[in-house]
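# Topology and contacts: notes
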Amino acid sequence: LCSLNIELRLIHTGQHYDSSMSGDFFRQLGIPDPQVNLGVGSGSHAAQTAAIMVGYEQALMQKRPDMCIVVGDVNSTMACALAAKKSNCLVSHVEAGIRSGDISMPEEINRIVTDSITDYFFTTTKTASDNLLKFGANPKAVFLVGNTMIDTLLQNLGRLRPPAFWNEHELRHRNYFVLTLHRPDNVDQETKLRALIQQISGVLKDHICIFPVHPRTATTLGMFDVPSNVIVTSPLPYLEFTYLLRHSVGVITDSGGITEEATFLKIPCITMRENTERPETVTVGSNEIVGSNFNLLENALLRIISGNWKKSAIPPYWDGNAAVRIVDVLCKEVFAVA
């Protein structure tokens, strides 16, 4: 793949530290143990970002790389990019250029700040590339490579397995829905979360809805009784959750990543947000945005149940070769001429 001798050092900031939300991903996907784990843990946005910057700066002082590659739009993405740039390291951003247009989202701030100091941009779609060009990025530094999340999905399709409760709840191919919620607007207020779940339960009636609960959601969810056709479970590892998603009738979510996986799997997807940083999941894929409008939510659920969901396709370059393209660019366009 590459004739250059490139040494890779994997650093885990510890921002996502719950075993079922982080550790299982390393084990299930065969990701090597990180050479460095900063063990940052939870905290406010400012405290977490600062701790990551301090920890990563120390790692850079011990062994300074030529390039720092950051992924996504979490606090770790921005914090490591900042620390690397101030240490005179090149910065590459995987999943660069995605935008929701909603500056109230912490992730949107992370995206804008990271892309403002990035040297090489790896994008998932043409829309993301266009966003960067409008932003003033150097066209020669923007590379449309595809979606690394889809790489992971394709590599593991044959390894997916049902969760332990599959038989207990008599789950079968296309006889249940999946629900995931974690954004503050949806889960931090008891009255709103209760009303949302009751609405979903009422429309689904005899259909089961499996609800793997994010740690952020668990506290609020414990304040009220959940309807019997909404089955609450612990967070699921990657292989089990993706199996659950792949065999569902549809998914209701406020996660951007799940909309991408649902699009690739052509599973009807309803997004409980007012916007998305992944518009191709709506314009090309299987996703629809309903925001907090219960009428739109009911209409969408009924269309899924009746089999009247829109036809969808897979965006270009979502073919499992994004990582190969990234390595190819690094070898031919970056390090070969450095």
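Residues numbered from 1 in each chain as written. Predicted model: local features only at pLDDT ≥ 70, side-chain atom pairs only at ≥ 80, totals over all residues. Heavy atoms only, no water.

### Quick notes on the overall build of the protein
Quick note on the threshold: Secondary structure elements follow DSSP: runs of H or I of four or more residues count as helices, runs of E of two or more count as strands, with numbering from the N terminus. Within these notes, the globule rule equals 2.2 Å times the number of residues to the 0.38 power, and the radius of gyration is based on C-alpha atoms. Relative accessibility decides the category of a residue: with a 1.4 Å probe and only protein chains considered, values under 20% of the type maximum give buried, values over 50% give exposed, and everything between is partly exposed. Residue contacts follow a heavy-atom distance rule, with two residues in contact if any of their heavy atoms lie within 4.5 Å.
When its secondary structure is counted, the protein shows 14 helices and 12 strands. Taken over C-alpha atoms, the radius of gyration comes to 20 Å for the protein, in line with the 20 Å a tight globule of 338 residues would show. Considering only C-alpha atoms, the protein reaches an extent of 60 × 40 × 35 Å along its principal axes. Counting all 338 residues of the protein, 51% fall into the buried class. Sequence-distant contacts, at least 24 apart, represent 64% of the contacts inside the protein between residues at least 6 apart.

### Examining the sheet that holds strand β4 (residues 90-94)
The test is simple: The rule for pairing is simple: two strands pair if DSSP sees at least two bridges between them. Helix axes are fitted only over the stretch in contact, all axes being lines through C-alpha atoms; the angle between N-to-C directions runs from 0 to 180 degrees.
What the 4 strands build is an open sheet, ordered β3-β4-β5-β6; its pairing is parallel. The sheet terminates laterally at β3 (67-71) and β6 (142-144), the two strands that pair on one side only. Ignoring strand direction, the axes of neighbouring strands in this sheet form an average angle of 15 degrees. By the bridge criterion, 3 bridges tie strand β5 (residues 120-123) to β6 in an arrangement that is parallel.

### Overview of the environment of Ala50
By the secondary structure assignment, Ala50 is in helix α2 (residues 45-62). The partly exposed category is assigned to Ala50, whose relative accessible area is 37%. Considered as a pair, Ala50 and Glu170 are 120 residues apart in the sequence and their alpha carbons are 47 Å apart.

### Re the environment of His247
Spelled out, the test is: Within 3.5 Å is the distance limit for a polar contact, defined as a pair of N or O atoms, with the added protein rule that one can donate a hydrogen and the other accept it, and that residues adjacent in sequence qualify only through two side-chain atoms.
Along the chain, the position of His247 falls in the loop between α10 (238-246) and β10 (250-253). In this structure, the C-alpha to C-alpha distance between His247 and Pro235, residues 12 residues apart in sequence, is 18 Å. Leaving out residues up to four positions away in the same chain, His247 has contacts with Trp166, Arg172, His173, Arg174 and Tyr176. Within the local environment of His247, its side chain forms a polar contact with the side chain of His173, the two groups lying 2.9 Å apart.

### What to know about the environment of Gln35
Tracing the sequence through the fold places Gln35 in the loop between α1 (19-28) and β2 (36-37). Once you skip the residues sitting within four places of it in the chain, Gln35 turns out to touch Leu8, Arg9 and Leu10. Reaching out from Gln35, the side chain makes a polar contact with the backbone oxygen of Leu8 at a distance of 3.4 Å.

### Observations regarding empty space enclosed by the protein
The cut-off we apply is this: Both site types are read off a 1 Å grid over the protein atoms alone. A 1.4 Å probe that fits but cannot get out defines a cavity, while an open set with protein on both sides within 12 Å along at least five of seven lines defines a pocket; lining residues have an atom within 4 Å of a point. Grid points are joined across faces, edges and corners, and a volume is the space filled by probe spheres set on the points. The residue classification treats Ala, Val, Leu, Ile, Met, Phe, Trp, Tyr, Cys and Pro as nonpolar and Asp, Glu, Lys and Arg as charged. All others, Gly included, are polar.
Per the counting criterion, the structure on display carries 1 cavity of 30 Å³ or more. Of the volumes computed, that of the largest cavity is approximately 40 Å³. Considering the residues around the largest cavity, the lining is formed by Gly97, Ile98, Arg99, Thr124, Thr125, Thr127, Ala128, Asn131, Glu277, Pro279 and Glu280. Ranked by the residues each element gives to the lining of the largest cavity, the list is headed by helix α5 (residues 126-135), at 3 residues. For the lining of the largest cavity, the residue count by class is 3 nonpolar, 5 polar and 3 charged.

### Some remarks on the packing of helix α6 (residues 148-156) against helix α11 (residues 256-265)
Threshold: Angle categories are assigned with fixed cut-offs, so that under 35 degrees is roughly parallel, over 145 is roughly antiparallel, 65 to 115 is roughly perpendicular, and the rest are oblique. Definitions for this section: a left-handed crossing has its near helix turned counterclockwise from the far helix by less than a right angle. A right-handed crossing has that turn clockwise.
In contact at an axis separation of 10 Å, α6 and α11 are set at 55 degrees when each is read in the N-to-C sense. Classed by the angle they form, the pair α6 and α11 counts as oblique. In the crossing of α6 with α11, the sense of the turn from one axis to the other is right-handed. Counted together, Met149, Ile150, Leu153 and Leu154 of α6 and Gly257, Glu260, Glu261, Phe264 and Leu265 of α11 form the full contact between these two elements. Its residues assigned to classes, the contact of α6 with α11 comprises 6 nonpolar, 1 polar and 2 charged.

### Topic: the packing of aromatic side chains
Which entries qualify depends on this criterion: Aromatic rings from Phe, Tyr and Trp, taking only the six-membered ring of Trp, are treated as a pair when their centres fall within 6.5 Å; an angle between ring planes under 30 degrees marks them as stacked, one over 60 as edge-to-face, and anything in between as tilted. Whether a charge sits over a ring comes down to the Lys NZ or Arg CZ being within 6 Å of the ring centre and within 35 degrees of the ring normal.
Taken as a whole and assessed by the stated rule, the structure comprises 3 aromatic pairs. Plain terms: the ring middles of Trp166 and Tyr176 are 5.6 Å apart, the flat faces sit at 90 degrees to each other, and that makes the pair edge-to-face. In this pair, Trp166 sits in the loop between α6 and β7 (176-180) while Tyr176 sits in strand β7, placing the two residues 10 residues apart along the sequence. The two residues Trp166 and Tyr176 agree in class, both being buried. Taken together, a centroid distance of 5.2 Å and an interplanar angle of 80 degrees make the contact between Trp166 and Tyr243 edge-to-face. With Trp166 in the loop between α6 and β7 and Tyr243 in helix α10, the pair connects residues that are 77 residues apart, well separated along the chain. Accessibility classification places Trp166 together with Tyr243 in one group, the buried group. Through pairs of rings, three or more aromatic residues link up here, namely Trp166, Tyr176 and Tyr243. Between Arg99 and the ring centre of Phe135, over which it is positioned, the NZ or CZ distance is 5.4 Å.

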